[in-house]
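Examination of the molecular architecture
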Amino acid sequence: MEQLLHYVWKHKIFPLGELRTTTGQLVEVIDPGLSNPNAGPDFFNAKLKIDGTMWVGNVEVHTQATDWLRHGHDRDKAYDNVILHVVGEDNCHVYRTDGAVIPQLLLVCPEKVRLHYDELRKADICPPCHVILPTLSKLTIVSWLSALQVERFQQKAALISERLARFNNHWEDVFFITLARNYGFGLNGDAFEAWASRLSLRAVDKHRDSLFQVEAIFFGQAGLLEEDVKDADDYYQKLQKEYAYLQHKFQLAAPMDVSQWRFLRLRPGNFPHVRLAQLAWLYHSRQSLFSRIMEAETLDEAKRLLMAQTSPYWESHFTFKKESPRHEKPVGDTALNLMIINTVIPFLYSYGLHKGSELLCDRATRFLESLKAEDNYIIRQWRGAGLSVNTAADSQALIQLRKEYCDKRDCLRCRFGYEFLKRK
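About the thresholds
- Residues numbered from 1 in each chain as written.
- Predicted model: local features only at pLDDT ≥ 70, side-chain atom pairs only at ≥ 80, totals over all residues.
- Heavy atoms only, no water.
- Buried < 20%, exposed > 50% of the residue type's maximum accessible area, 1.4 Å probe, protein only.
- Helix = DSSP H or I, 4+ residues; strand = E, 2+ residues; numbered from the N terminus.
- Pairing = 2+ DSSP bridges.
- Phe/Tyr/Trp six-rings, centres within 6.5 Å; stacked < 30°, edge-to-face > 60°.
- Lys NZ or Arg CZ within 6 Å of the ring centre and 35° of its normal.
- Core = buried A, V, L, I, M, F, W, Y, C linked by side-chain atoms within 4.5 Å.
- Contact = heavy atoms within 4.5 Å.
- Salt bridge = Lys/Arg side-chain N within 4 Å of Asp/Glu carboxyl O.
- Patch = residues over 30% accessible without salt bridge, like charges linked within 9 Å, V, L, I, M, F, W, Y side chains within 5 Å.
- Areas by Shrake-Rupley, 256 points an atom, 1.4 Å probe, with all protein chains shown as cover.
- pLDDT = per-residue confidence, 0-100.
- Axes fitted to C-alpha atoms, helices over the stretch in contact; angles between N-to-C directions.
- Parallel < 35°, antiparallel > 145°, perpendicular 65-115°, else oblique.
- Left-handed = near helix turned anticlockwise from the far one by under 90°.
- Nonpolar A, V, L, I, M, F, W, Y, C, P; charged D, E, K, R; others polar.

This part is about the pairing of strand 6 (residues 82-89). Taking burial as the measure, the eight residues of strand 6 include six buried ones, the bulk of the element. One ladder, built from six bridges, connects strand 5 (residues 53-64) with strand 6; its direction is parallel. Bridging from a neighbouring strand, glutamine 64 pairs with glutamate 89 of strand 6.

Take the packing of aromatic side chains next. Each aromatic ring pair is characterised by the separation of its centres together with the angle its planes make. Summed over the entire model, instances satisfying the criterion amount to 28 aromatic pairs. Ring centres 4.3 Å apart and planes at 25° place the aromatic pair tyrosine 235 and tyrosine 313 in the stacked group. Taken together, the residues tyrosine 235 in helix 9 (residues 234-250) and tyrosine 313 in the loop between helix 12 (299-306) and helix 13 (333-355) connect sequence positions 78 residues apart. The same class applies to tyrosine 235 and to tyrosine 313, which are both buried. Of the aromatic side chains, those joined through ring pairs into one cluster are Phe212, Phe219, Tyr235, Tyr236, Tyr313, Trp314 and Phe320. When the ring centre of phenylalanine 420 is taken as origin, the NZ or CZ atom of arginine 423, which lies over that ring, is 4.0 Å away.

Turning to the nonpolar core, a few remarks are in order. Core analysis: the largest hydrophobic core is formed by 79 residues, its most contacted members being Trp195, Phe218, Leu306 and Phe320. Element by element, the count of residues in this core is highest for helix 13, at 11 residues. Once you skip the residues sitting within four places of it in the chain, tryptophan 195 turns out to touch Phe176, Ala180, Phe218, Gln221, Ala222, Met256, Trp261, Leu276 and Leu279. Listed in part, the 51 residues of the second largest apolar core include Val86, Tyr117, Cys414 and Leu421.

The next thing to look at is the pattern of salt bridges. Following the criterion strictly, the structure yields 19 salt bridges and no others. A salt bridge links arginine 202 to aspartate 205; the shortest N-O distance between them is 3.1 Å. Residue arginine 202 and its partner aspartate 205 are both found in helix 7 (residues 201-205); the two are separated by three residues, about one turn of the helix. For arginine 202, a relative accessible area of 40% puts it in the partly exposed group. For the salt bridge of glutamate 404 with lysine 408, the shortest nitrogen-to-oxygen distance reads 2.7 Å. Look at glutamate 404 and you get buried, because its relative accessible area is 18%. Of the residues examined, lysine 408 reaches a relative accessible area of 52% and is grouped as exposed.

The grouping of Ile30, Met54 and Val56 at the surface amounts to a nonpolar patch, some 270 Å² of accessible area in total. Take valine 56: it is sitting in strand 5.

Let us now look at the confidence of the model for the protein. Per-residue pLDDT for the protein has a mean of 95; in total, 100% of the residues score no lower than 70. Mean pLDDT per element in the protein: helix 3 (residues 111-122) is the minimum at 91, and helix 8 (residues 211-221) is the maximum at 98.

Our focus in this paragraph is the packing of helix 13 against helix 14 (residues 358-370). For any two helices packed against each other, one specifies the crossing angle of their axes together with the interaxial distance. At a closest axis distance of 7 Å, the pairing of helix 13 and helix 14 adopts a crossing angle of 160°. In terms of axis orientation, helix 13 runs roughly antiparallel to helix 14. Remark: the crossing between helix 13 and helix 14 carries left-handed chirality. Two secondary-structure elements touch here, helix 13 through Ile341, Ile345, Leu348, Tyr349, Tyr351, Gly352 and Leu353 and helix 14 through Leu360, Cys361, Arg363, Ala364, Phe367 and Leu368. Split into classes, the residues belonging to the contact of helix 13 with helix 14 amount to 11 nonpolar, one polar and one charged.

What follows is the structure in structure tokens.
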């Protein structure tokens with residue numbers, strides 16, 4: 001109920017007629033204030049006329065007036081600048097720390113808004129507001145998707161910042177770890193990140209000119225050289241011996257538990273062995289990859305830098321356990337586009353913020369708008385609801401909308417939700 005009162009106050013969805021405090025003072029809302037998602041009063045810098053006098057200050061919203069006391073606001077000086085207490089139930093007077101009475105407004109949520117809100121909360125289809133989407137103006141849709149795209153950029157930049165803090169602000173390492181995570185394509189994402197995070201990349205660098213030795217460290221640290229392989233071939237045995245030597249030489253951390261890797265419902269081309277082989281080839285072939293990616297001015301140039309294949313052994317294997325018909329296993333176009341969307345573009349934006357470079361931030365947006373929209377169950381749902389999804393900028397915005405708003409039923413912060421609530 002309190003969330004709904006916040007919404008009604010923020011958007012000035014007031015009942016017809018005069019607004020008056022519980023003591024009869026006339027209230028005119030010039031500006032409801034700026035919503036505050038953090039600690040402190042709910043709205044900052046509101047402008048109100050109360051009984052003819054202009055007030056500028058903060059507004060607090062509660063379901064019941066007694067919530068003011070229950071939350072201890074009467075003893076908190078941070079709430080002394082509240083000029084109006086908005087409540088759904090007037091069951092007591094409220095005071096500042098000096099004992100001064102705070103004007104109180106009983107706000108009734110319009111019945112139509114409450115009913116529409118209940119519809120959104122109880123809907124068993126996603127998106128719950130699907131019935132109004134085909135009626136929305138292009139301006140409403142484009143402006144909201146643009147805001148969501150920026151929000152997603154900022155969210156991914158925050159994740160990159162967290163990783164940087166854990167890895168001594170080493171951009172090359174964090175780029176590789178993020179790239180590795182995205183080589184897991186969802187199902188093995190956590191396992192790939194855990195694997196990459198425990199790699200001693202400085203040790204790998206000392207043998208970067210040998211693809212065989214890079215593979216030995218990569219597969220060894222992944223725990224995939226400890227599998228029980230019957231009739232193991234020469235290559236597997238050579239990798240085991242090389243890893244044992246390198247592990248001793250560099251005092252490498254213990255390998256991962258092989259049970260962390262997932263194979264169920266994966267196509268063979270997505271098996272961890274194949275993806276690790278591609279990463280090994282990329283790490284061996286592309287030194288200073290992060291720096292080169294940041295310098296890439298075109299999408300095609302960035303893609304070329306991320307193109308990867310495997311050593312000849314993996315052309316006839318998906319795992320170490322048996323041989324398969326020979327064919328090359330390069331990273332496919334769809335996978336490459338996802339690498340650009342989920343690794344390159346967030347790093348362009350994040351590094352642009354770090355360097356204060358609008359050029360890099362703009363390049364991130366340009367790359368995103370140049371790629372086709374992703375094709376997954378979330379995007380298919382939005383298309384089925386009547387939205388046009390053309391570019392990766394659209395699809396990333398709609399993924400953000402689904403995960404951060406629809407799944408959390410946070411319709412009151414959504415512009416589509418606003419359109420749903422205000423309809424007749």
